[in-house]
Amino acid sequence: MRILLAEDDTRLAEPLSEFLSREHHSVTWLSDGQQALDSLIDGGYQLALLDWMLPSRDGLSIVRDLRRRGDTTLVLMLTARDGLADMVEGLEAGADDYLVKPFRMGELAARIRSLERRRDRPYQASQLVWNALELDSQAGQLWCQGQAIALTSKELQLLEWFLRHPGQLFSRSQLLDRLWCLDASAGEETVKTHLNNLRRKLRSAGSIDPIETVHGLGYRLRNRQA
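This is a predicted model, so every value here is computed, not measured. (Residues numbered from 1 in each chain as written. Predicted model: local features only at pLDDT ≥ 70, side-chain atom pairs only at ≥ 80, totals over all residues. Heavy atoms only, no water.)

The five strands are arranged β2-β1-β3-β4-β5 in an open sheet whose pairing can be described as parallel. The open sheet has two free edges, formed respectively by β2 (26-30) and β5 (97-100), since each of these has just one partner strand. When the angles between neighbouring strand axes are averaged without regard to direction, this sheet yields 20 degrees. (Pairing = 2+ DSSP bridges. Helix = DSSP H or I, 4+ residues; strand = E, 2+ residues; numbered from the N terminus. Axes fitted to C-alpha atoms, helices over the stretch in contact; angles between N-to-C directions.)

In contact at an axis separation of 10 Å, helix α4 (residues 84-93) and helix α8 (residues 188-204) are set at 30 degrees when each is read in the N-to-C sense. Considering the angle they form, α4 stands roughly parallel to α8. Considering how the two elements wind past one another, α4 and α8 form a crossing that is right-handed. Contacts between α4 and α8 involve Leu84, Met87, Val88, Leu91 and Glu92 from the first element and Glu189, Thr190, Thr193, His194, Asn197 and Arg200 from the second. Residue composition of the contact of α4 with α8, grouped by class: four nonpolar, four polar and three charged. (Parallel < 35°, antiparallel > 145°, perpendicular 65-115°, else oblique. Left-handed = near helix turned anticlockwise from the far one by under 90°. Contact = heavy atoms within 4.5 Å. Nonpolar A, V, L, I, M, F, W, Y, C, P; charged D, E, K, R; others polar.)

A few words now on the pattern of salt bridges. Within the structure shown, the criterion is met by 15 salt bridges. Between arginine 113 and glutamate 23 there is a salt bridge, with its nearest N and O atoms 3.9 Å apart. With arginine 113 in helix α5 (residues 105-120) and glutamate 23 in the loop between α1 (10-22) and β2, this pair connects stretches of sequence that are 90 residues apart. Taking relative accessible area as the criterion, glutamate 23 reaches 31% and is therefore assigned partly exposed. Arginine 81 serves as the salt-bridge partner of aspartate 86, at 3.5 Å between the closest nitrogen and oxygen. Taking the relative accessible area as the measure of exposure, arginine 81 reaches 32% and is therefore partly exposed. Members of the salt-bridge network, linked through shared partners, are Glu7, Asp51 and Lys101. (Salt bridge = Lys/Arg side-chain N within 4 Å of Asp/Glu carboxyl O. Buried < 20%, exposed > 50% of the residue type's maximum accessible area, 1.4 Å probe, protein only.)

Before going further, it helps to examine the packing of aromatic side chains. In the structure shown here, the tally under the stated rule is three aromatic pairs. Seen in terms of ring centroids, tryptophan 52 and tyrosine 98 are 6.4 Å apart; in terms of plane orientation they differ by 80 degrees. Their pairing is edge-to-face. Placement of the pair is tryptophan 52 in the loop between β3 (47-51) and α3 (59-68) and tyrosine 98 in strand β5, with a sequence separation of 46 residues. Here the two residues tryptophan 52 and tyrosine 98 agree in accessibility, since each one is buried. (Phe/Tyr/Trp six-rings, centres within 6.5 Å; stacked < 30°, edge-to-face > 60°.)

Structure representation (structure tokens):
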């Protein structure tokens, strides 16, 4: 993958860049937040590793700016902030994953491989339709009445999961096991946050909420005529 690393701590950035290069990734290291955002807007990166605290522009505002532009570049936040509220804020901003410092290089590599699989092999290549929603799982793109909707890779995975399992009920723990299997730090609150983000974006685009909450049990895809 072509990776942009935005990290202002040289003690971490240098060994991290070397490690990722040994993992056969192409890495660009920048220590300034605004420079990182400008480079991501120019395009060509498959993944951004963003420190939360950066000069000029913090990682959280970078993610928010990218998502407002409809940019679906994979984003993995690297931060010392280990509180649940911080993680939820990062995910709500549009990050695809969240890794707390200090971390082991092997764990980072596993997270990147997981994100890469989601990007390259969503589940199977096909068109999925629900009412006015059209999901191209191969391209990783969603449309509502012909208008593109920018979703994070995790939001796309969640929607695709429900579209491929109509009528089936899934608890938060089941969704966590199936879609966050390599993320030891994720919990059921993570699932709830991504579902809420997905639903909000779909409603804003004029779609009926396709996901029904069955209180005390979980979630399932609504009937197509709902």
